[in-house]
Amino acid sequence: MENDKSLRQWLDEFKLSRPLVIAGPCSAETEEQVLDIARQLKGSEVSIYRAGIWKPRTRPGGFEGVGAIGLEWLQKAKAETGLLMAVEVANATHVKLALEHDIDVLWIGARTTVNPFAVQEIADALVGTDKIVLVKNPVNPDLALWLGGVERLYNAGIRKLGVIHRGFSTYEKTKYRNIPEWQLAIELHGRFPDLPIICDPSHITGRRDMIQQVSQQALDLNYDGLMIETHNDPDKAWSDAAQQVTPVRLKEILDSLIVRERIDDSHEFNGHLREMRFRIDDLDTKIIELLGKRMRIADEIGGLKKENNVAVLQNIRWKQVLEKMKEEGSAENLSEEFILRLFRAIHQESIVHQEKIINTSNS
Ligand code: PEP
Ligand code: MN
């Protein structure tokens with residue numbers, strides 16, 4: 001797959017203005033819903049219509065999709081609007097049915113990319129076809145697994161390939177539904193610059209009010225396209241209600257996005273600079289989040305010290321912390337002076353927090 005320029009051709013064949021926009025509901029629900037949304041998207045910047053027909057649900061009992069009947073609704077939507085149709089496939093039967101119904105784009109969901117057996121089965125079912133296939137990142141942040149999925153399809157002769165970055169699940173509570181871990185996508189893009197990369201801000205954020213911001217971040221990183229879940233009545237959607245937007249809101253979001261020039265040779269420097277600054281900004285945000293988390297634990301310790309009537313400042317413990325950090329800092333090539341200044345500032349803030357707690361009355 002190394003430096004295979006043909007990978008990008010399908011995107012160029014579209015001759016569309018960047019970004020490529022894939023939109024449509026999380027799930028096909030009824031024929032009327034599928035057609036209504038498609039009609040509203042016709043004539044917009046959207047060129048591919050998405051709808052989940054088979055829905056992988058984390059727990060049983062949720063809406064598991066309408067099944068093959070939905071493919072007929074998509075065929076009608078295609079005949080009426082001219083939009084290309086995209087569905088998620090998770091096994092060979094899905095592929096067979098999608099091919100029979102002339103679906104144009106197949107995507108592999110995050111829960112399927114984690115499973116090499118399933119991806120291989122899909123790749124085998126696609127041999128001899130020239131469908132566009134998009135591979136979502138696996139749920140866990142494992143670049144090799146993501147690439148492995150793409151390679152299985154490549155080895156099956158599929159060349160109209162792309163990846164979808166939909167974020168990674170994490171045990172920790174964050175403002176995202178699936179944390180972006182942008183550095184992984186940046187690394188993938190660096191290694192395979194000709195593999196089109198599409199961002200799915202809907203599954204990254206899980207909330208419609210953050211979709212514009214994450215879409216802009218993706219465009220700033222030279223992503224080729226966006227997949228945005230769009231529904232005619234988002235709050236009543238049968239799946240992923242909180243993250244879907246109306247077609248009107250989708251248009252507002254797309255209109256607001258600033259599309260920067262794609263990196264070419266003359267822009268290489270600026271492109272690299274932008275990517276690196278982006279990584280720095282991402283890390284700075286994480287540093288602040290970590291400091292916030294650290295302070296919240298310090299607050300809890302403050303509560304314990306209060307209950308047990310123990311002094312806020314514990315010199316022995318503090319010296320141990322400093323020594324350990326000096327050592328770890330030195331391994332990271334950080335000067336002792338910097339580590340001392342940094343940890344004194346952090347420690348000072350913890351003391352301020354804990355004193356506040358100790359001095360508030362219980363009543
Ligand atoms: C979807 O696109 O609706 C979906 C199920 O996505 P993911 O595989 O990213 O969870
Ligand atoms: Mn969804």
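Residues numbered from 1 in each chain as written. Chains lettered and ligands numbered in written order. Predicted model: local features only at pLDDT ≥ 70, side-chain atom pairs only at ≥ 80, totals over all residues. Heavy atoms only, no water.

Caption draft 1: Spotlight on the overall build of the protein. On a plain count of helices and strands, the protein comes out with 14 helices and eight strands. Dimensions of the protein along its principal axes, counting C-alpha atoms only, are 75 × 55 × 40 Å. Per-residue burial for the protein yields a buried fraction of 48% across its 363 residues. A separation of at least 24 residues holds for 73% of the contacts in the protein among residues at least 6 apart in sequence. When the accessible area of the protein is evaluated, it comes to approximately 18,500 Å², of which 52% is carbon and sulfur surface. A gap of 4 Å separates the mean positions of the 47 positive and 55 negative side-chain charges of the protein. (Helix = DSSP H or I, 4+ residues; strand = E, 2+ residues; numbered from the N terminus. Buried < 20%, exposed > 50% of the residue type's maximum accessible area, 1.4 Å probe, protein only. Contact = heavy atoms within 4.5 Å. Areas by Shrake-Rupley, 256 points an atom, 1.4 Å probe, with all protein chains shown as cover. Lys, Arg positive; Asp, Glu negative; His and termini not counted. Charge placed at Lys NZ, Arg CZ, Asp CG, Glu CD.)

Caption draft 2: Structural view of the packing of aromatic side chains. Evaluation of the coordinates by the stated rule reveals four aromatic pairs. With a centroid separation of 5.4 Å and an interplanar angle of 80 degrees, the aromatic rings of Trp-182 and Phe-278 are classed as edge-to-face. Highlighted residues: Trp-182 in helix 8 (residues 182-191) and Phe-278 in helix 12 (residues 268-307), separated in sequence by 96 residues. You'll find Trp-182 and Phe-278 in the same group, each marked buried. Cluster of aromatic residues (ring-pair linked, three or more members): Trp-182, Tyr-223 and Phe-278. Over the aromatic face of Tyr-154 sits the side chain of Arg-159, whose NZ or CZ is 3.6 Å from the ring centroid. (Phe/Tyr/Trp six-rings, centres within 6.5 Å; stacked < 30°, edge-to-face > 60°. Lys NZ or Arg CZ within 6 Å of the ring centre and 35° of its normal.)

Caption draft 3: Examining the packing of helix 4 (residues 92-100) against helix 6 (residues 116-126) more closely. It is the contact of helix 4 with helix 6, at a shortest axis distance of 8 Å, that shows an interaxial angle of 30 degrees. Classified by the angle between their axes, helix 4 and helix 6 sit roughly parallel to one another. Remark: the crossing between helix 4 and helix 6 carries right-handed chirality. Residues Ala-92, Val-95 and Leu-99 of helix 4 pack against Glu-121, Ile-122, Ala-125 and Leu-126 of helix 6. Among the residues forming the contact of helix 4 with helix 6, the class breakdown is six nonpolar, no polar and one charged. (Axes fitted to C-alpha atoms, helices over the stretch in contact; angles between N-to-C directions. Parallel < 35°, antiparallel > 145°, perpendicular 65-115°, else oblique. Left-handed = near helix turned anticlockwise from the far one by under 90°. Nonpolar A, V, L, I, M, F, W, Y, C, P; charged D, E, K, R; others polar.)

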